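Notes for the structure review
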Amino acid sequence: MKYGLIGEKLGHSYSKRIHEAMRQEAYELKELSREEFPEFMKERAFAGINVTIPYKQAVIPYLDRLDDAAARIGAVNTVVCRDGELWGYNTDYYGFAETLHENRIDVAGRKVLVLGNGGAAKAVLAVFEDEGAGSVLTVKYKREPGCLTYEEAACAHADADVIVNTSPVGMFPNCDASPMSLTPYKNLCAVCDLIYNPPVTRLLSDAAAQGAAAVNGLRMLVLQAKKASELFFGDVLPMEAADKIYGELL
């Protein structure tokens, strides 16, 4: 494989379509079990890969160099092989930050809840820190250090302004699932769901019904892919290329 995406389950992925539309270059989807993943990384038989659930943090020990942003975030979703060395980057940060800006979601001074604490959540948290969010709280289905449970969040933080779902709950084919009820949250101005398949998750449908801006993860997906492709090939793609692919997928 020269270019492609690795992850445990990739049946929902649009990455092949996006990357091949950006470049006249084959892009593969390679599902790896947790047992297969270490050997794949040790072989280094690729020019550039994207990394998704559950390997965004697990990939780091196999890398020779980390971009400053990826080191700060603690998660990698893009790996480039240069002269036999593996370089790790995080383009989720760029994709999410641009999505906030394009949708005019201002988090400065506001209370934000981030659902989930995996690799994607780490990039989202870094964006909120840089955007000056007033407070950012991580919410998870089970009690862990630094995380609230959903019950605790609803009880003590129902005044949240923005909610972002970074968990896979609600992803195709489990489209009727939602990570949380929005009923207690009367102050919401925006809800973002990093899921893009389906384009309107139950969480986003509930958010729109409450009058909040509802933004899915498709734009973030396309923009992070644009940045990853630029790292693969060492150039800059015009934004029009991303806009065209985004429109077609939408």
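Attention here is on the structure that accompanies the text. Predicted model, so just to flag it, every value in this text is computed and none were measured.

1. Thoughts on the overall build of the protein
Scanning the protein from N- to C-terminus turns up nine helices and 12 strands. Computed over the C-alpha atoms, the radius of gyration of the protein is 18 Å, within 12% of the 18 Å expected from 2.2 N^0.38 for a compact globule of 250 residues. Its C-alpha atoms give the protein principal-axis dimensions of about 50 × 40 × 35 Å. Every one of the 250 residues in the protein was classed for burial, and the buried ones make up 50%. Total accessible area computed for the protein in this model is approximately 11,500 Å², and 50% of it derives from carbon and sulfur atoms. The average position of the 26 basic charges and that of the 34 acidic charges among the side chains of the protein differ by 1 Å.

2. Comments concerning the nonpolar core
Inside soluble globular proteins, nonpolar side chains tend to come together where they are buried. Phe96, Phe128 and Val164 are the most contacted members of the largest nonpolar core, which has 20 residues in total. Listing elements by their share of this core, those giving two or more residues are α4 (92-102), β7 (111-115), α5 (119-130), β10 (162-165) and β11 (190-193). Top element by residues in this core is α5. It accounts for five residues. Discounting chain neighbours no more than four positions away, the residues touching Val164 are Phe96, Leu113, Val114, Leu115, Val124, Phe128, Cys192 and Leu194. Among the nonpolar cores identified, the runner-up in size contains 17 residues, and Tyr150, Ala160, Tyr185 and Ala207 belong to it.

3. Let's talk about the pairing of strand β5 (residues 78-82)
Relative to β5, strand β3 (residues 48-51) runs antiparallel, the two sharing three bridges. Opposite Ile49, over in β5, you have Val79 as the bridge partner. Examined bridge by bridge, β5 and strand β6 (residues 85-89) share five bridges and lie antiparallel to one another. Paired with Cys81 across the bridge in β6 is Leu86. Between β5 and the antiparallel strand that follows it, β6, lie two residues; Asp83 among them carries a positive phi value of about 50 degrees.

4. Side note on the sheet that holds β7
To summarise the sheet geometry, strands pair through backbone hydrogen bonds and adopt either a parallel or an antiparallel arrangement. Overall, parallel pairing links the six strands, which are arranged β9-β8-β7-β10-β11-β12 in an open sheet. Looking along the sheet, the strands with just one partner apiece sit at the ends: β9 (147-148) and β12 (213-215). In the sheet, β7 pairs with β10 via four bridges, with the strands oriented parallel. Its bridge partner being in β10, Leu115 is matched across the sheet by Asn165. Across the sheet, helix α7 (residues 202-209) is in contact with β10, β11 and β12; its angle to β11 comes to roughly 170 degrees.

5. A few points about the state of the cysteines
Put plainly, a disulfide is one covalent bond tying together the sulfur atoms of two cysteines. One pass over the full model with this rule turns up zero disulfides. You can see Cys192 has no disulfide; the closest cysteine sulfur is in Cys189, sitting 9.1 Å from it.

What counts as what
Residues numbered from 1 in each chain as written. Predicted model: local features only at pLDDT ≥ 70, side-chain atom pairs only at ≥ 80, totals over all residues. Heavy atoms only, no water. Helix = DSSP H or I, 4+ residues; strand = E, 2+ residues; numbered from the N terminus. Rg over C-alpha atoms; globule rule 2.2 N^0.38 Å. Buried < 20%, exposed > 50% of the residue type's maximum accessible area, 1.4 Å probe, protein only. Areas by Shrake-Rupley, 256 points an atom, 1.4 Å probe, with all protein chains shown as cover. Lys, Arg positive; Asp, Glu negative; His and termini not counted. Charge placed at Lys NZ, Arg CZ, Asp CG, Glu CD. Core = buried A, V, L, I, M, F, W, Y, C linked by side-chain atoms within 4.5 Å. Contact = heavy atoms within 4.5 Å. Pairing = 2+ DSSP bridges. Axes fitted to C-alpha atoms, helices over the stretch in contact; angles between N-to-C directions. Disulfide = S-S within 2.5 Å.

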